[in-house]
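A look at the structure
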Amino acid sequence: MIELRGIRKSFGAKEVLKGIDLVIPTGSTTCVIGKSGSGKSVLLKHIVGLLKADAGTVLIDGRDLESLSHAELFSMRKKIGYVFQGAALFDSMTVFDNVVISLVEHGVHDRSILESEARRVLSSVGLLPELTDDGSTAFEREYAILRNKKPSDLSGGMRKRVGVARALVGQPEYIFYDEPTTGLDPVTSQQIDDMIGDLARKLQVTSLVITHDMFSIFNIADNVAMIVDGVVRFQGDVPALRATNDPEVVDFLARYVAEGF
Ligand SMILES: Nc1ncnc2c1ncn2[C@@H]1O[C@H](COP(=O)(O)OP(=O)(O)OP(=O)(O)O)[C@@H](O)[C@H]1O
Ligand SMILES: [Mg+2]
């Protein structure tokens, strides 16, 4: 379980997070919503340790991130897969190199380990057929083509999947997605949502999804948290979100949802 208690963060004179309290229960998919600039990405960066809070506590599996040694923080980070906003692939690198980069950076150079992890994660995100043990030639043919592609050879939806595949390397327990469907058409967005839901079920990962996309929320969220003015203004399940009378939340939903849900 991940728990945030009273997280505060300012950049210069601007206070972005003003005391965030949030619980992300193990095994659930939690969506975080809020206006652009409300601090969603900043919040995520606190959970993965990329930013340090001015005040407050981040607890992961009961451990305070602040209290961890360098080595402990390192192994904690391995439990977490992070899909960056915009996928953030390296354009000059192949799909294979993009996917295994964290392993290589952590000193894994064994070719067969890297190749088999790339096969596994690219299959998990649906860019390759289901992985079987029999080394099917069809699978290997598709893998050989995909692994050498560059991001510019891929569609937007495929690039997002590669970004997710990279986050799945090392079999994380938690996976965080920053705006996974932004910039995709509705059909592709739905496919990405389905993949997020499938991964949560199949790999039993706890997911945190930052999104503007109300369709995504209704598709995949067990819990929803909405950030307004630096605090969590609403937290609850989708029926509670639909039922709330909070004018800030109702207004947000009205702006972002074209059709009534
Ligand atoms: N490293 C930084 N230095 C200074 N200001 C920052 C930094 N990172 C974020 N901010 C500011 O913090 C605020 C929140 O940014 P953040 O990226 O978290 O918004 P967001 O909710 O993710 O928005 P979007 O939906 O557009 O992605 C913004 O005003 C942003 O300019
Ligand atoms: Mg953001």
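Everything numeric here is computed off the predicted structure, so don't read it as measured data.

Cut-offs used in this document
- Residues numbered from 1 in each chain as written.
- Chains lettered and ligands numbered in written order.
- Predicted model: local features only at pLDDT ≥ 70, side-chain atom pairs only at ≥ 80, totals over all residues.
- Heavy atoms only, no water.
- Phe/Tyr/Trp six-rings, centres within 6.5 Å; stacked < 30°, edge-to-face > 60°.
- Lys NZ or Arg CZ within 6 Å of the ring centre and 35° of its normal.
- Donors = N, O, S within 2.8 Å, 3.2 Å for Na, K, Ca; no water.
- Helix = DSSP H or I, 4+ residues; strand = E, 2+ residues; numbered from the N terminus.
- Buried < 20%, exposed > 50% of the residue type's maximum accessible area, 1.4 Å probe, protein only.
- Contact = heavy atoms within 4.5 Å.
- Pairing = 2+ DSSP bridges.
- Axes fitted to C-alpha atoms, helices over the stretch in contact; angles between N-to-C directions.

**Focus: the packing of aromatic side chains**
Counted according to the given criterion, the structure contains one aromatic pair. Seen from the ring of Phe 96, Arg 147 lies directly overhead, with NZ or CZ sitting 4.2 Å from the centre.

**Comments concerning the coordination of the magnesium ion (ligand 2)**
Six octahedral donors around a metal ideally sit at 90 or 180 degrees from one another, while four tetrahedral donors ideally sit at 109.5 degrees. Looking at the metal site, the magnesium ion (ligand 2) is ligated by Ser 41 (OG) and Gln 85 (OE1), spaced 2.1 to 2.4 Å from it. With Ser 41 in helix 1 (residues 40-47) and Gln 85 in the loop between strand 6 (80-83) and helix 3 (95-105), this residue pair connects regions lying 44 residues apart in the sequence. Gln 85 gets classed as partly exposed once you look at its relative accessible area, which sits at 44%.

**Some points on the side chain of Arg 161**
For Arg 161, the location among the structural elements is in helix 6 (residues 156-168). Here Arg 161 is in contact with Val 125, Gly 126, Leu 127, Gln 191, Ile 192 and Met 195, once residues within four sequence places are set aside.

**Considerations on the sheet that holds strand 5 (residues 63-64)**
Taken in spatial order, the four strands make up an open sheet running 2-1-4-5, and their pairing is antiparallel. Edge positions in the open sheet fall to strand 2 (14-24) and strand 5, since each of these has one partner strand only. As judged from the eight bridges shared by strand 1 (residues 2-11) and strand 2, these two strands associate in the antiparallel manner. Paired with Arg 8 across the two strands is Lys 18, which belongs to strand 2. Docked against the sheet, helix 1 engages strand 1, strand 2 and strand 4 (55-60), running at close to 120° with respect to strand 1.

Geometric descriptors of this kind do not, in isolation, establish any biological role.
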